[in-house]
Structure formats: C-alpha cells, structure tokens
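Survey of secondary and tertiary structure
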Amino acid sequence: MKQETTKISSEDVLNAFAVEPSHDGSTLERYLRNFPQYAIELAHLSQELSRPGKKETKLSEKDQLAIDNAWKQYSTSSTVSPVNVLASLTVLQLRDLAGLLDIPRQILTAFREHKVIVSSIPQGFLARLACGLNTTVDEIKHALSAPIETSFVRSHKADEKPVAAAPATFEQLLIDAQVPAEKREKLMSEGN
Amino acid sequence: MRATSIAPLRKTDTEGKVYTRLPETESRLVELYALSRDDLAARCAIQDRDDKDYVPSECLVTLVREHRSRPLDACSEVIFRALLERVLRGLPQTETCNGEDLTQGNVRDEARFRFLKMLGEDRQVEYVEALDYFEVRFQDALASLRVNAQRYVYRRENPLDPVEIDPETGELSEKVEKAAGMFDPFDSKEIGNFDYRSQLDAAIDDLPGIQKAIIEMIRQGIPIESKETGKVNISNVLGKTPKTIAAHRYKAYAKLRTKMTKGE
C-alpha cells in the first residue's frame, strides 16, 4: 500500500532515494515532486551520492578501539528470538498467523511456551511458519529449542505452583486441539 | 551445512513494495550459508576488494543479522568487526592537512553511533527495518547515514543557523557577478580526475546549505523556473523567486571558482 508522502520521515525518504538503482536527474525530480518538504536534504544526498568512491585509508588506533568497544558491548547483550516475536504479537496478529498456517491458535501458544518437540514439526510447516514471521527455518528451530524464558509462560491463579507440561509432538498438539484427521494428515505430510 | 533459507527483507519502499536484495547478493549468500563457520570467518576476514572471495558489505550485514538470536561465536566476531571496519572506512575522515576537523569527527562519531544503535536494537529489541537498506545497497545507504548525521551535527553546532533558512538575496554585487562569470565547475574536462573532484567536493561542502542544494539541482538538470504546469523546478520546491535562486547560483559558483582557481 502506498504510504502518504507527508507521513514518511525524512530519514526514510533519504534512505529510499539512496537505494534507488539510479541517481540521475529524473530520479531526483521524482523525489522532489513527491517530497518537496525534504528538497534540500535530497539535493545534499544526491550530491553525496555523485562523489567518486573514497581512496582506501588505514583505520586509526581510535577506530580500532571503537571497534573493540562496540564488539564488547554487542557480544554481551541479550538477544531477541523469533519466539519473543511470537510472544509480542497481538491477538489479532496471532489470529492472522494461525489463519495463514491453517491451524488453531492454541498450537502457536504451545510453540510460544516451548511445549512442542521441535524434531516432530514437518519441514514444510516450519518453512511456512518462518515465512509468516519473516525469519529462517534455522532461527525458528533454534528459538524453539532454546530454554524457555519465564516471562513468556502464561500465569495461573492456583493454590499450587503449576508444573510445566512436558513437550509433546506436533501431531499430539494437533490431536489435543481437535484438528480433524484429514487436516492433520495434510499438515503432517508437509515437506516430509 | 548451516541455514538453508534466507529471510526476506521487511522494509517497504515509498510505494509500499517490500525491498529485496540484489540477485547477486542473494546468490552470494547462498554460497556463504553453505560454508562452515570457520570457512565463513576466513572469507569475511578478506580485506582485498579484488580477491574473488571478498565478501560484499551487503552480505556482512545479512550475516550479522542472521545470527542475531543465536549465541555468538568466534565467527560472529570476525563478521561484526569486518562490517564495522567497512562502515568506518565509509565515514568522513577527521584528519585533514590542517589537523583534525572536529565537526567531521563529530559526524563520524554520530554516524557510527547510529549504525551501532541499529545493530544493537536489531539483536536486543526487535527487527530494525532501517538496516534493510544496508542489505540492498550498502554504500548508498551509508551515504544516507552520513547525510543524516551531518544534518544532526550541523544543527547541534549551529542552532541559530539552520541550513534550510536563508535570507532572500537581493541584487548581486558587480564583484560577485564578475567572479562567477560563466564558470561552471562541473563543465570542466577535469571532472573525471579524482583529485579535481575531491577538491571540488570539499569546496561544495563549505557552501551554505541552500547554495549546495541549488547547484546540485542545476547539475541534475532541474530548471530554476518552468512555465510548464506540474514540472518540478527549483523555485517551486524551495519556495523562492527565480531571481533569488539565480543569485544564489551565482554566489555559489563565484565561491567555487575562487577556491578551485585559488583566487587567480
């Protein structure tokens, strides 16, 4: 869907202009027509893009130190995983994803809570899930195999502390969710 | 054998179409994904651009992001460092013949900070769509990062002198008109010469923002004014009279001529 030109930030407009295949007069003219509010910035970027490539220079000691520090900071940071992405989806998005995959929503909830044996999920289904989450099959597999983070477990009001259920096979989850046998067979045969 | 699928990009262009990597980037990624981590690290450490195994910067960005949700290893460090070196090489140099240029240093730091912030958020918080641009055309996205960082730093250092605002320019002095003459720095036979072009770019950088924008629009063939309805022209997009635009052009060319000919 085309975005309203007044709502696009200057950074997005400049980035979009930057990655255009060509930066000739007609491209600049098109952007000036659509985004006259960023005319000066666009012209400056056009000038910058017209410059010849820089000669290779050696990085300074200060640069090397900056790289060391950046790596130190990056490597000690925690990560976001596709499961986090699954957890952060709104009810509506979760429903859409379940619809796209043609499964009941509770299957995705089980995935989110690591209640599935990853090796039991058909490759074809994993590929569709990865596509729906804009990620890779490997990332999904890795995330589903990772230790569960407590914040993603649903809370329960009970006198006794709930015991985490053991992971089940993908097929068992489908059975528990009362997915008809014919559809189960179709899902289980994906990519196998 | 590692990952077999390459995650699609998510950022959409101004028409709402999702960006895609260039075919050559995708095919190189398929090749790189098939390597062991040790072999991948060895490839990413190659710095010679002419080496057939040199890994394009677009691929380095993908490789860093592809590993975002996994534990980092020695290969991750090699890829990360290689990527950051490419970023730093593409940012303004702070050392000049007159010593260290503090403003350029600030632009360099700001751009580096912005890029690292995106990488960090991409790993820690959520997918950062702005990094997709670097997977499409790395050097061009880096140019955009430089310009955005420059704008931020100039505004911070000159809060009372924003580049967009410029007083209306009246009649040109005879001196300015004489200095400009018919001089057009882009019409020189030297324009393909690296040193001439670098000198010209440095002179352009010293122009006021509006003059820099005007001479670029003229270079790109955008007319100062146009009688044709709907035709983009400089006067309209900048909201100034054609006379003012012409005066700015003369002033800009006069300054460039003085710098390029060292006042001769």
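These lines cover the structure that appears in this document, whether it is placed above or below. (Residues numbered from 1 in each chain as written. Chains lettered and ligands numbered in written order. Predicted model: local features only at pLDDT ≥ 70, side-chain atom pairs only at ≥ 80, totals over all residues. Heavy atoms only, no water.)

1. Structural notes on the overall build of chain A
As a reminder, the rule being used: What counts as a helix is a DSSP run of H or I of at least four residues, what counts as a strand is a run of E of at least two, and both are numbered from the N terminus. For each residue, the accessible area found with a 1.4 Å probe, counting protein chains only, is set against the maximum for its type, and the residue is called buried under 20%, exposed over 50%, and partly exposed in between. What sets the accessible areas is the Shrake-Rupley method with a 1.4 Å probe; for residues, cover comes only from the shown protein chains.
In terms of helices and strands, chain A carries eleven helices and zero strands. Its helices and strands taken in sequence order, chain A reads α-α-α-α-α-α-α-α-α-α-α from the N to the C terminus. Within chain A, buried positions represent 45% of all 192 residues. Carbon and sulfur atoms make up 52% of the accessible area of chain A, which totals about 10600 Å².

2. Let's talk about the interface of chain A and chain B
The following threshold applies: Note on contacts: a residue pair is in contact if any heavy atoms of the two residues lie within 4.5 Å. We count a salt bridge whenever a side-chain nitrogen from Lys or Arg sits within 4 Å of a carboxyl oxygen from Asp or Glu. Whenever two N or O atoms come within 3.5 Å, that pair is a polar contact, provided that in protein one can donate a hydrogen and the other can accept it, and provided that, for residues adjacent in sequence, both atoms are side-chain atoms.
Between chain A and chain B, the contact holds 67 residues from the first and 82 residues from the second. Summed over the shared surface of chain A and chain B, the result is ten salt bridges. Two residues, R81 of chain B and D68 of chain A, come together in a salt bridge whose shortest N-O distance is 2.7 Å. In this assembly, chain A and chain B are joined by 21 residue pairs in polar contact (both at pLDDT 80 or more).

3. Quick notes on the environment of E66 of chain B
Tracing the sequence through the fold places E66 of chain B in helix 3 (residues 57-66). E66 of chain B sits 48 residues away from V18 of chain B along the chain, and the two C-alpha atoms are 18 Å apart.

4. Quick word on unusual backbone geometry
One non-glycine residue, H114 of chain A, lies in positive phi territory at about 60 degrees. For H114 of chain A, a relative accessible area of 13% corresponds to the buried category.

5. Examining the side chain of R65 of chain B
Topologically, R65 of chain B is positioned in helix 3. At 2.8 Å, the side chain of R65 of chain B and the backbone oxygen of V128 of chain B are in polar contact. A polar side-chain atom of R65 of chain B sits 2.7 Å from a polar atom in the side chain of D132 of chain B. In contact with R65 of chain B, not counting residues within four places along its chain, are E139 of chain A together with D122, Y127, V128, L131, D132 and E135 of chain B.

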